[in-house]
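Structure at a glance
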Amino acid sequence: MSGTVLRTLDFEGSCHLAAFSADGSRLFSATRGPDLWNVWDTATWTLLEQRDVGGRIVAIGHGGEFYAVQREEAGPPSSFATEIRSASDHRSLATLEGHAERLDAAAFSADGARIAVVSRSSAPLYADIHDAATGRLLQKIGPHEQAVWDVAFSPDGALLATASEGGTAAIWDLATGKLILMAEGHLGGTYRVAFSPD
């Protein structure tokens, strides 16, 4: 890899999420201002689809087959609802139970069966694991001492990594819910975390 820029895509608003399809033929992206779902052909870089989804897309799952979108509900008080939607027809598949707060991070497992979400607004601070098909809460991982900014499943779905404001990255065993590693010593906050493919 040379690091050479191959293509620059122009977006309406700001792009905050992007993911390739499993075969690399499509690039899916999410923008804010307005809240758009975009699908690009990677052979020609033609924009194939652009749709206003009416909320902030927080995660793209299973090679772009579905996505999670959070929309603000009418108040007062202010509250949010997070839906899993099909990317092919944008119908709602499930709504995550027990989440009225604004999410700070979300990630699907590689098989698309689960989604992990975190919010600074809820206390104590946990990463919640939901069934992506039903929205049902399966597991709470934590607690964390400081705000969690990112989450990621391991490729086999056995582990969850969390990145915290205090400069730590934690690895959790999802079979037991126990902390198995705390990586400390980062300069400043830890805002992103990811596993290698292996």
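Before any of the text, the structure's been laid out above.
This section reports on the structure supplied with the text. Chains are numbered independently. Their residues run from 1 in the order of the written sequence. Local features in a predicted model are, by the rule used here, given only for residues with pLDDT of at least 70; side-chain atom pairs are given and counted only at 80 or more, and totals for whole chains, interfaces and linings are based on all residues. Neither water nor hydrogens contribute to the side-chain values; these are computed over all heavy atoms in the structure.

The next thing to look at is the overall build of the protein. To qualify as a helix, a DSSP run of H or I must reach at least 4 residues; to qualify as a strand, a run of E must reach at least 2; elements of each kind are numbered from the N terminus. Of regular secondary structure, the protein possesses zero helices and 16 strands. Its C-alpha atoms give the protein a radius of gyration of 17 Å, near enough to 16 Å, the size a compact globule of 198 residues would have. Dimensions of the protein, computed from the C-alpha atoms along their principal axes, are close to 50 × 45 × 30 Å. Out of the 198 residues in the protein, the part that is buried amounts to 46%. In this analysis, two residues are considered to be in contact whenever any of their non-hydrogen atoms come within 4.5 Å of each other. Put simply, of all contacts in the protein between residues at least 6 apart along the chain, 31% involve residues at least 24 apart. When the accessible surface of the protein is split by element, carbon and sulfur atoms take 51% of a total near 10,500 Å². Between the mean site of the 15 positive side-chain charges and the mean site of the 25 negative ones, the protein shows a separation of 3 Å. The globule rule is 2.2 Å times the number of residues to the power 0.38, and the radius of gyration it is compared with is taken over C-alpha atoms. Only protein chains enter the accessibility calculation, which uses a 1.4 Å probe; a residue whose area is less than 20% of its type maximum is buried, one above 50% is exposed, and one in between is partly exposed. Accessible surface is estimated by sampling points in the Shrake-Rupley manner with a 1.4 Å probe; for residues, cover comes only from the protein chains shown. As used throughout, the charge tally considers Lys and Arg to be positive and Asp and Glu to be negative, leaving His and the chain termini uncounted. Charged groups are reduced to one reference atom each: NZ for lysine, CZ for arginine, CG for aspartic acid, CD for glutamic acid.

DSSP calls a pair of strands paired once it identifies at least 2 bridges connecting them. On the basis of which strands lie adjacent, the open sheet formed by four strands has the order β13-β14-β15-β16 and antiparallel pairing. A single partner strand is all that each edge strand has here, and the edge strands are β13 (148-153) and β16 (178-183). Across this sheet, the average inter-strand angle for adjacent strands is 20°, counted without regard to direction. The pairing of strand β14 (residues 159-164) with strand β15 (residues 169-173) spans five bridges and is classified as antiparallel. Opposite L159, over in β15, you have D173 as the bridge partner. For helices, the fitted line uses only the C-alpha atoms of the stretch in contact; every axis is such a line through C-alpha atoms, and the angle between N-to-C directions lies from 0 to 180 degrees.

Now for the side chain of T42. Structurally, the position occupied by T42 is in the loop between β3 (36-41) and β4 (46-52). In protein, a polar contact requires one atom able to donate a hydrogen and another able to accept it; more generally it is a pair of N or O atoms within 3.5 Å, and residues adjacent in sequence count only if both atoms are side-chain atoms. A distance of 2.6 Å separates a polar atom in the side chain of T42 from the backbone oxygen of G24.

Here we take up the environment of A152. In this fold, A152 is placed in strand β13. On the accessibility criterion, A152 (10% relative accessible area) is buried. In this structure, the C-alpha to C-alpha distance between A152 and F195, residues 43 residues apart in sequence, is 7.3 Å. Contact partners of A152, with chain neighbours within four places excluded, come to A107, L159, L160, A161, V193, A194 and F195.

With that settled, consider the pattern of salt bridges. Salt bridges, as used here, are contacts in which a Lys or Arg side-chain nitrogen is within 4 Å of a carboxyl oxygen on Asp or Glu. Using the criterion set out here, one finds seven salt bridges in the structure. Across the salt bridge formed by D41 and R26, the nearest N and O atoms sit 3.9 Å from each other. A residue pair is termed long-range when its members are at least 10 positions apart, and D41 in strand β3 and R26 in strand β2 (residues 26-32) qualify at 15 residues. Classification of D41 by relative accessible area gives buried; the value is 17%. By relative accessible area, R26 is classed as partly exposed at 29%. Where R85 meets E83, a salt bridge forms, and the shortest distance between an N and an O atom there is 2.8 Å. Considered together, R85 and E83 belong to a single accessibility category, that of buried residues.

Note that all results are geometric; they support no functional claim without further evidence.
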